[in-house]
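Spelled out, the chains give:
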Amino acid sequence: MSAASRAPLRSKRSNRTRRAALTATGAAVAALVLSACGSGGTSGGGNNTNFVMGKDGIATVDPGKRTAAPDLSGKTVDGQRLDVASFKGKVVVLNVWGSWCPPCRAEAPGFEKVFQSLKGRGVQFVGINTRDTSTAPAVAFEKQQGVTYPSLYDPTGRLMLRFKKGTLNPQTIPSTLVLDRQGKVAARSLSPLSEEKLRTMIDPVLAEK
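The shown structure was predicted, so the numbers you read here are calculated from the model rather than taken from an experiment.

1. A look at the layout of surface pockets
(1) Moving on: The space that makes up the largest pocket amounts to roughly 180 Å³.
(2) Moving on: Around the largest pocket, the lining comprises 16 residues; the ones closest to its centre are A69, V84, A85, L179 and G183.
(3) Moving on: In the lining of the largest pocket, the residues fall into nine nonpolar, two polar and five charged.

Okay, structure coming up:
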């Protein structure tokens, strides 16, 4: 076979490889978008994330074993720029939610109430809105639920995938993380939280010096 006749074959193989890679990427994103909202669970641990599960369903990490949260920056649902790293020095509560998610709707009023009671003590809440195909439903959700803290807009779950594997389960919405004052992951819940459980999750981290 001549070099001229081999060239088209190489070109066809290259095109097939590129198409396969694009298909795989699209499937991964689609899996995040299409996975359903549920009541949460305890999956997503392991991979040496150092979480210790408590009887209340809240997992915690000892201060000396914590890992830093990844870059969490971008536009909020109302179009503002936000970088979670700017809140270093505060205890940060990250809540992953979607306007389409009934458990998210149920826990939102309690989150806002706790935010209002603790923001003067150095606690900042930040939402991560996911799988809403536009910001309009998310903005409407915040208005309806009276949520005043900001939420990053993350329709395909890319911010969630930046966390160390095992920290969050992209299929489990809502989920909540608490970051300590150094920006490290200190506690996690992969289930909806009542106001009481949310306070139980935050208080030990807030009490740390």
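2. Some words on unusual backbone geometry
(1) Moving on: With omega at 5 degrees, the peptide bond leading from I173 into P174 counts as cis.
(2) Moving on: A positive phi angle, close to 70 degrees, is found at N50, a residue other than glycine.
(3) Moving on: As for its position among the elements, N50 is in the loop between α1 (3-34) and β1 (52-53).
(4) Moving on: One non-glycine residue, R131, adopts positive backbone phi at about 70 degrees.
(5) Moving on: Within the fold, R131 resides in the loop between β6 (123-130) and α3 (135-145).

3. Points about helix α2 (residues 102-118)
(1) Moving on: The terminal C-alpha atoms of α2, which comprises 17 residues, lie 25 Å apart, in line with the 24 Å expected from a rise of 1.5 Å per residue.
(2) Moving on: Most pronounced at A108, the bend in α2 amounts to some 35 degrees, and the proline P109 follows within four residues.
(3) Moving on: Of the residues making up α2, those classed as buried are P103, C104, E107, A108, G110, F111, E112, V114, F115 and L118.
(4) Moving on: Structurally, α2 contributes buried residues whose contacts are with β5 (91-97), β6, α3, β8 (175-179) and α4 (195-206).

4. Examining the packing of aromatic side chains
(1) Moving on: This structure, assessed with the given rule, holds five aromatic pairs.
(2) Moving on: Ring plane angle 75 degrees and centroid distance 5.5 Å describe the contact between F115 and Y149, whose orientation is recorded as edge-to-face. Of this pair, F115 sits in helix α2 while Y149 sits in the loop between α3 and β7 (151-154), placing them 34 residues apart in sequence.
(3) Moving on: In this structure F115 comes out as buried when scored by relative accessible area, which is 7%.
(4) Moving on: Here the aromatic rings of F125 and Y149 are separated by 5.4 Å at their centres, their planes lie at 55 degrees, and the arrangement is tilted. Of this pair, F125 sits in strand β6 while Y149 is found in the loop between α3 and β7, placing the two residues 24 residues apart along the sequence.
(5) Moving on: Judged by relative accessible area, which is 1%, F125 ranks as buried.
(6) Moving on: Through a chain of ring-to-ring contacts, the aromatic side chains of F111, F115, F125 and Y149 assemble into a single cluster.

Calculation rules
- Residues numbered from 1 in each chain as written.
- Predicted model: local features only at pLDDT ≥ 70, side-chain atom pairs only at ≥ 80, totals over all residues.
- Heavy atoms only, no water.
- 1 Å grid on protein atoms, 1.4 Å probe; cavity = no way out; pocket = protein on both sides within 12 Å on 5 of 7 lines; lining within 4 Å.
- Points joined across faces, edges and corners; volume = space filled by probe spheres on them.
- Nonpolar A, V, L, I, M, F, W, Y, C, P; charged D, E, K, R; others polar.
- Helix = DSSP H or I, 4+ residues; strand = E, 2+ residues; numbered from the N terminus.
- Expected span 1.5 Å × (residues − 1).
- Bend = angle between axes of the 7 residues up to and from the residue.
- Buried < 20%, exposed > 50% of the residue type's maximum accessible area, 1.4 Å probe, protein only.
- Contact = heavy atoms within 4.5 Å.
- Phe/Tyr/Trp six-rings, centres within 6.5 Å; stacked < 30°, edge-to-face > 60°.

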